[in-house]
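Observations on chain architecture
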Amino acid sequence: ESPHIATFDASIVGRTVGPRDIATMIAPEHSWTRTPADVRRGPESGLWLSFMESGVGYLEQNGRAVVQNSGDIVLYDAARPFTYSLVPESFYIMRIPRELLMHRTAAAERLVATSLGVGTGYRSVLGSLIKELSGGAALAGMPSATAHITSSVLELLAGVIDLDEGNLPSQT
């Protein structure tokens, strides 16, 4: 059991869809920090994708910081320390096994704590898919359809990451 359980004031309602966990988080203003000690104590190798349907958040990781506004999607790495503060009205999170995303794009780890898909229509499509996966009943009892849809979500995410990677300023 986590040593932080007594101070956790959020409700997370979710499910497993294929090898991915996806949830809706209901909370008042909420902050959490994953310290280097937390990483050592409870290793977690997943990448997490968050979709702020309505509300605002602030994420710091890998020397980068991003304000997450309504409609924004950000990626963060549970294997590394981070600080995340939220004032969510409607917020979705999806745990993605690292190897599933890294197999599709090596750029994923470089784009943590950035807003993904800014200025493209792909972001709203991705947000809609995340929301549907978190609570939609259409995939219940349909393993083949589930595999296709969840694979498509990862492919779209990888494409958005690759688009964003091409738009980053040169670091030379």
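Read on for a plain summary of the structure.

Criteria and cut-off values
Residues numbered from 1 in each chain as written. Predicted model: local features only at pLDDT ≥ 70, side-chain atom pairs only at ≥ 80, totals over all residues. Heavy atoms only, no water. Helix = DSSP H or I, 4+ residues; strand = E, 2+ residues; numbered from the N terminus. Buried < 20%, exposed > 50% of the residue type's maximum accessible area, 1.4 Å probe, protein only. Contact = heavy atoms within 4.5 Å. Core = buried A, V, L, I, M, F, W, Y, C linked by side-chain atoms within 4.5 Å.

1. Some details on the environment of glycine 127
Among the secondary structure elements, glycine 127 is positioned in helix α3 (residues 122-135). Since its relative accessible area comes to 0%, glycine 127 is described here as buried. As a C-alpha pair, glycine 127 and methionine 52 span 75 residues in sequence and 8.4 Å in three-dimensional space. Residues within four places of glycine 127 in sequence aside, it is in contact with Phe51 and Ile73.

2. Here's the deal with the nonpolar core
Judged by nonpolar contacts, the single largest core of 25 residues is most densely connected at Leu49, Leu75, Leu101, Leu116, Leu157 and Ile161. Those elements that place two or more of their residues in this core are β4 (47-61), β6 (73-77), β7 (82-96), α3 and α4 (143-167). The dominant element in this core, judged by the number of residues it contributes, is α4, at 7 residues. Apart from the residues lying within four places of it in its own chain, the contact partners of isoleucine 161 are Leu75, Leu101, Thr105, Ala107, Ala108, Leu111 and Leu116.

Remember, this is a structural readout, not a statement about activity or role.
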